[in-house]
Amino acid sequence: MPARPASLRSDAAIVSEPIGPLRLGVLAFGDSITNGGGELQWGVALQSWAMWTARALGVPYNPYAVDGATADDVVTRQIPLFERAVADRHSQYTLGCLYIGTNDVWLPGFDLDSFEQRHKQALAFLHTRCDRLLTVTIPLDMGRPRNPELIEQANLAIERSAAEHRALVLDLRRFGGRQVMMADHVHPTALGQVTIAELALDALEADGLPSRVQVSELISYETTPWGSVRGDVTYAYRHLKQSLRHAINDYRAR
């Protein structure tokens with residue numbers, strides 16, 4: 001009698017696994033910066049830095065970031081949503097990404113201790129699911145009006161949280177500039193997202209996880225003199241609108 005097909009046997013067939021345990025790629029939590037989305041820049045789509053990181057690593061991308069999210073939202077909404085949505089409750093990931101805090105620092109009565117605790121809880125969860133963890137500090141020039149002292153306090157909390165969970169830290173304290181940040185001084189441009197991904201990949205490679213391709217190989221664009229002028233005018237107009245709005249708000253608050 002011929003042997004029954006392996007799919008019909010009660011005992012599972014032994015299959016070699018030459019590439020090691022299955023990993024489902026990049027798992028990302030955060031706010032609008034990690035969620036991505038927005039207008040093109042030189043024809044490059046405004047995609048999440050974490051997505052570009054996953055593509056360069058050659059692995060799947062699993063995003064749960066939401067616009068406007070805080071560290072509390074990551075713990076109370078995004079992680080529970082992931083646990084409900086994921087098909088395999090034992091699934092493991094190559095990299096866990098957490099970029100949160102840009103909305104927290106603008107909350108009235110921002111509670112630094114609570115933020116740090118929530119950040120630690122988020123990393124602790126990622127630690128159970130991921131081989132590596134990567135978290136990100138906040139640009140000191142982020143937002144208007146500027147508040148670099150408060151942002152630095154949040155950054156130190158992020159670094160303490162990372163040290164406790166052995167997470168890599170991508171330091172964006174000095175990140176900024178016309179080409180990589182929008183006129184609101186909060187959200188990265190499309191090329192800004194690419195730049196963050198490139199910095200993340202550099203940090204991962206130094207930690208022993210090299211990328212398979214460069215992010216620059218995944219995009220294509222060409223600048224023109226007229227396009228540069230048009231972009232500069234648009235940026236100046238939006239920057240002026242932001243400045244006037246803040247000036248009016250400050251005047252009304254007096």
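Along each chain, numbering runs from 1 in the same order as the chain's sequence is written. Residues qualify for local features only when their pLDDT is at least 70, as the model is predicted, and side-chain atom pairs are given and counted only at 80 or more; totals for whole chains, interfaces and linings, by contrast, use all residues. Remark: hydrogens and water are excluded; side-chain values derive from all non-hydrogen atoms of the structure.

Chemist: Report on the packing of helix 4 (residues 112-129) against helix 5 (residues 148-164), specifying residues and quantitative values.
Modeler: Each pair of packed helices can be summarised by the angle the axes make with each other and by the distance between the axes. To define axes, lines are fitted to C-alpha atoms, for helices over the stretch in contact only, and angles between the resulting N-to-C directions are given on a 0 to 180 degree scale. In DSSP terms, a helix is any run of H or I states spanning at least four residues, a strand is any run of E spanning at least two, and both are numbered starting from the N terminus. Running from amino to carboxyl end, helix 4 crosses helix 5 at an angle of 35 degrees, the nearest separation of the two axes being 9 Å. Crossing of helix 4 against helix 5: the hand is right-handed. Of the residues in helix 5, those in contact with L112, F115, E116, H119, K120 and L123 of helix 4 are Q153, A154, A157, I158, R160, S161, A162 and E164. The residue inventory of the contact of helix 4 with helix 5, partitioned by class, reads seven nonpolar, three polar and four charged. The handedness criterion is simple: a crossing whose near helix is rotated anticlockwise from the far helix by less than a right angle is left-handed, and one whose near helix is rotated clockwise is right-handed. Whether two residues touch is decided by their heavy atoms; if any such pair falls within 4.5 Å, the residues are in contact. Each residue gets one label: Ala, Val, Leu, Ile, Met, Phe, Trp, Tyr, Cys and Pro are nonpolar, Asp, Glu, Lys and Arg are charged, and the others, such as Gly, are polar.

Chemist: I'd like to hear about helix 2 (residues 49-57), residue by residue, with values.
Modeler: Relative accessibility decides the category of a residue: with a 1.4 Å probe and only protein chains considered, values under 20% of the type maximum give buried, values over 50% give exposed, and everything between is partly exposed. Helix 2 sits mainly inside the fold: eight of its nine residues count as buried. Along helix 2, the residues classified as buried are W49, A50, M51, W52, T53, A54, A56 and L57. Each element contacted by the buried residues of helix 2 is listed here: strand 1 (26-30), helix 1 (32-35), strand 2 (61-63), strand 3 (93-99), strand 4 (130-136) and helix 6 (190-206). Residues adjacent in sequence count toward polar contacts only when both atoms are side-chain atoms; beyond that, a polar contact is any pair of N or O atoms within 3.5 Å, and within protein one must be able to donate a hydrogen and the other to accept it. One side-chain oxygen of the residue at the start of helix 2 lies 3.0 Å from the amide nitrogen of A50, identifying that residue as S48. Looking one or two residues beyond helix 2, the residue adopting positive phi is G58, at roughly 80 degrees.

Chemist: Any chance you could break down the packing of aromatic side chains for me, citing the residues and the numbers?
Modeler: Paired rings are identified among Phe, Tyr and Trp, the last through its six-membered ring, by centres lying within 6.5 Å, and are further divided according to the angle between planes into stacked (under 30 degrees), edge-to-face (over 60) and tilted (the rest). Counted according to the given criterion, the structure contains eight aromatic pairs. Plain terms: the ring middles of F29 and Y64 are 6.0 Å apart, the flat faces sit at 45 degrees to each other, and that makes the pair tilted. Here the residue F29 occupies a position in strand 1, and Y64 occupies one in the loop between strand 2 and helix 3 (71-85), the gap between them amounting to 35 residues. Look at F29 and you get buried, because its relative accessible area is 0%. Residue class for Y64 comes out buried when judged on its relative accessible area of 17%. Plain terms: the ring middles of F82 and Y93 are 5.9 Å apart, the flat faces sit at 65 degrees to each other, and that makes the pair edge-to-face. One end of the pair, F82, is in helix 3; the other, Y93, is in strand 3, with 11 residues separating them in the sequence. Put simply, the rings of F29, Y64, F82, Y93 and F125 touch in pairs and so form one group of aromatic residues.

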